[in-house]
Amino acid sequence: MNHAHCFDRLFLALGSLFALLAVALGAFAAHALKARLGADLIGTFEVGVRYQMYHAIALLAVGLAHKSWPSPLLAASGWLFVIGIVVFSGSLYVLSLSGIRWFGAITPFGGIAFLAGWVCLAWSVWKQ
């Protein structure tokens with residue numbers, strides 16, 4: 001198995017796992033957290049779930065694109081989406097569950113990773 005093929009499978013697997021986790025976390029928020037958290041914190045948690053799902057699907061697209069056009073820039077887009085999910089969505093989950101507001105200061109760094117991932121994806125596909 002070549003190195004490029006490993007990234008294809010890795011991003012497809014990570015995208016699938018992050019999507020699975022987004023569905024599970026969304027159900028958790030709808031059923032277990034609604035009674036425990038205020039509407040503002042539930043809304044924050046749901047933003048994390050939504051962006052996690054968007055970028056899980058983006059990881060699937062990166063994995064599929066990498067099969068046809070393997071490139072370091074395309075791989076970078078996948079890693080930036082992973083970082084964005086962990087930092088953006090993760091910080092919103094922690095903020096929602098803990099109520100510690102300073103976690104919100106971390107969230108924009110995940111957003112920047114998402115934006116950079118989309119730029120890398122667009123540029124790498126355009127260059128092909």
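One can find the structure itself at the top, above this paragraph.
These numbers come from a predicted model, not from an experiment. (Residues numbered from 1 in each chain as written. Predicted model: local features only at pLDDT ≥ 70, side-chain atom pairs only at ≥ 80, totals over all residues. Heavy atoms only, no water.)

A.B. asks: I'd like a description of the side chain of serine 91, backed by residues and values.
C.D. replies: Along the chain, serine 91 turns up in helix H3 (residues 72-98). Within the structure, serine 91 has its side chain in polar contact with the side chain of threonine 107 (distance 2.6 Å). Discounting residues that sit within four places of it in the chain, serine 91 has contacts with Val86, Phe103, Ile106 and Thr107. (Helix = DSSP H or I, 4+ residues; strand = E, 2+ residues; numbered from the N terminus. Polar contact = N/O pair within 3.5 Å; in protein donor to acceptor, adjacent residues only side chain to side chain. Contact = heavy atoms within 4.5 Å.)

A.B. asks: Tell me about the packing of aromatic side chains, residues and numbers included.
C.D. replies: Geometrically, a pair of aromatic rings is defined through the distance of the ring centres and the angle of the planes. By the definition in use, this model includes 11 aromatic pairs. Both rings, one in tyrosine 51 and one in tyrosine 54, keep their centres 5.4 Å apart while their planes meet at 70°; by these two values the pair is edge-to-face. Note that tyrosine 51 and tyrosine 54 are positioned in helix H2 (residues 39-68) at a spacing of 3 residues, about one turn of the helix. Using a relative accessible area of 31% as the deciding quantity, one classes tyrosine 51 as partly exposed. Judged by relative accessible area, tyrosine 54 falls into the partly exposed class, the value being 43%. An aromatic cluster is built from Tyr51, Tyr54, Phe88 and Phe114, whose rings are joined through pairwise contacts. (Phe/Tyr/Trp six-rings, centres within 6.5 Å; stacked < 30°, edge-to-face > 60°. Buried < 20%, exposed > 50% of the residue type's maximum accessible area, 1.4 Å probe, protein only.)

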